[in-house]
Amino acid sequence: MADKKVIRTIGVLTSGGDAPGMNAAIRAVVRTALSKGLKVRGIRRGYQGLLNEEIIDLSARDVSDTIERGGTILQTARCAEMRTEEGQQKAAAICKKYGIDGLVVIGGDGSFAGAQKLANFGINTIGLPGTIDLDIACTEYTIGFDTAVNTAMQAIDKVRDTSTSHERCSIIEVMGRDAGYLALWCGIANGAEKILMPEEHDYDEEKIIEDIQESRKRGKKNYIIINAEGVGDSMNMAKRIEEATGMETRATILGHMQRGGSPTCKDRVYASIMGAKAVDLLLEGKTNRVVGYKHGEYVDFDIDEALGMTKGIPAYQYEIAKELAL
Ligand code: ADP
Ligand code: F6P
């Protein structure tokens, strides 16, 4: 068996969509590594920045006053070149040039695929799950979801106030083009009458219209539809619903405000622990792993295995959401 690679310098980057709590993870990587005698390099703008050699040294003070900040102090990017074998080879060569023998990649499945390729080219890599979408199969927690879902919930509460006052139907579009977790959680937390998610294929506008009419007969003062981004067009849906029901209908698109803001306590704590764990895994000689949280414990999986896992919207939770809309 080959000798374990000695890790002296750790790199850290954020990739894909930003998420609140990424800074807490970066801070934990930096300070855990420094306290264990390692050197730390920060890579700006994800894989694009790696390919452009936007690499800086990070000290403990560089991450002061960052745990409470949203976004990512390293910036993030999406990078087409990293999807090519030449790009991946170049990225691995740049890591070697800068002495980066262990790399922590904070992002989603796409970012992990990049980390997997770098591992194949000899760079020890660990992925941390960072996305507001909660759509990473190997983990019950992703950095940023808790903050985003609370931000969305508070915004929806505000829309509900005006919706009730005017006795309107409100369509509120939350993020998650390919994943309905934000929509489902807000649907339950905000007591929505209808939740539209990309995973559910029963989107039937006629049924919604009938349900709105029924609910008015039952004395409901408003009708809240949580629409995951990408399921139908909220603005046009509002026009059609108003025409068919006679109930004033407005659409609100929450958009990127859900991705920003100061992370919740949960996101700060979980991201900090995951950041520290990534460094410990690298020091144990592990590579091509992704950190997750399952059944109350922080765990790690082989990236190949993690990318092969699938998870869907829990059917029982969706059923409960429907029942509670009575
Ligand atoms: P996320 O990490 O949130 O899933 P993306 O899917 O946009 O976000 O991926 C982020 C970046 O990861 C991409 O812009 C690209 O640079 C890199 N990436 C995605 N898929 C692959 C892949 N199959 N191989 C190598 N790199 C990839
Ligand atoms: O993955 C995070 C996310 O915010 C999704 O919920 C959303 O569908 C997508 O990113 C939006 O991406 P962009 O930042 O390119 O608008």
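The shown structure was predicted, so the numbers you read here are calculated from the model rather than taken from an experiment.

**Quick look at the domain arrangement of the protein**
Partitioning the protein into domains gives domain 1 (7-142 + 262-306) and domain 2 (145-258). Here domain 1 and domain 2 have C-alpha centroids that lie 35 Å from each other. Domain 1 puts 12 residues into the contact, and the matching count from domain 2 is 12 residues. When the buried area of domain 1 at its contact with domain 2 is split by residue, Ile132, Asp133 and Leu134 rank highest and sum to 54% of it. The interface formed by domain 1 and domain 2 holds 0 salt bridges in total. Counting the contacts that link domain 1 with domain 2 gives 5 residue pairs in polar contact (both at pLDDT 80 or more). When its residues are assigned to classes, the side of domain 1 that touches domain 2 shows 4 nonpolar, 4 polar and 4 charged.

**Description of the pairing of strand β5 (residues 124-129)**
The side chains of a regular strand alternate between the sheet's two faces. Taken across its 6 residues, β5 has 6 buried, putting it largely inside the fold. By the alternation rule, side chains of β5 split into Asn124, Ile126 and Leu128 and Thr125, Gly127 and Pro129, which are all buried. Running through helix α4 (residues 109-120), the crossover from strand β4 (residues 102-107) to the neighbouring parallel element β5 is right-handed. Pairing of β5 with strand β10 (residues 289-294), which is carried by 2 bridges, proceeds in the parallel orientation. The residue of β10 that forms the bridge with Ile126 is Arg289.

**What about the site of ligand 1?**
Neighbouring ligand 1 are 15 residues; Arg78, Cys79, Gly108, Gly110 and Ser111 lie closest to it. Take Cys79: an N or O atom from its main chain is 2.6 Å from an oxygen atom of ligand 1. Gly108 is positioned with one of its backbone polar atoms (N or O) 2.9 Å from an oxygen atom of ligand 1. If ligand 1 stood free it would expose 550 Å²; the protein chains cover 80% of that surface.

**Some details on the pattern of salt bridges**
Applying the stated criterion across every chain, the model contains 19 salt bridges. For Lys39, the salt bridge identified is with Asp57, shortest N-O distance 3.5 Å. With Lys39 in strand β2 (residues 39-43) and Asp57 in strand β3 (residues 55-57), the pair connects residues that are 18 residues apart, well separated along the chain. A salt bridge links Glu319 to Lys322; the shortest N-O distance between them is 3.6 Å. Taken together, the residues Glu319 and Lys322, both in helix α11 (residues 315-324) and 3 residues apart, mark about one turn of the helix. Overall, Glu319 belongs to the partly exposed group, its relative accessible area being 40%.

Conventions used here
- Counting restarts for each chain, with residues numbered from 1 along the sequence as it is written.
- The lettering of chains begins at A and the numbering of ligands begins at 1, in the order of writing.
- For a predicted model such as this one, the threshold for reporting local features is a pLDDT of at least 70, and the threshold for listing and counting side-chain atom pairs is 80 or more; totals across whole chains, interfaces and linings nevertheless cover every residue.
- Calculated side-chain values reflect all of the structure's heavy atoms, with hydrogen atoms and water omitted.
- These domain boundaries are the output of an automatic or database domain assignment.
- What makes two residues a contact is simply this: any of their non-hydrogen atoms within 4.5 Å.
- Accessible area, probed at 1.4 Å, shrinks when two parts are joined; the buried area is that loss added up over both.
- A pairing counts as a salt bridge when a side-chain nitrogen of Lys or Arg comes within 4 Å of a carboxyl oxygen of Asp or Glu.
- Polar contact is defined as a pair of N or O atoms within 3.5 Å, subject to the rule that within protein one atom must be able to donate a hydrogen and the other to accept it, and that residues adjacent in sequence are counted only when both atoms are side-chain atoms.
- Only Asp, Glu, Lys and Arg are considered charged in this grouping, and only Ala, Val, Leu, Ile, Met, Phe, Trp, Tyr, Cys and Pro are considered nonpolar; every other residue, Gly among them, is considered polar.
- Residue exposure (1.4 Å probe, protein chains only): buried if accessible area is under 20% of the type maximum, exposed if over 50%, otherwise partly exposed.
- In this text, helices come from DSSP runs of H or I with a minimum length of four residues, and strands from runs of E with a minimum of two, each type numbered from the N-terminal end.
- By convention, a crossover is right-handed whenever its connection, traced from the first strand over the helix to the second and viewed with the strands pointing away, goes clockwise.
- When DSSP finds at least two bridges between two strands, those strands are taken to pair.
- One heavy atom suffices: a residue is near a molecule or strand as soon as one of its heavy atoms comes within 4 Å of it.
- Here, Shrake-Rupley sampling with a 1.4 Å probe gives the accessible areas, and only protein chains in the shown set may cover a residue.

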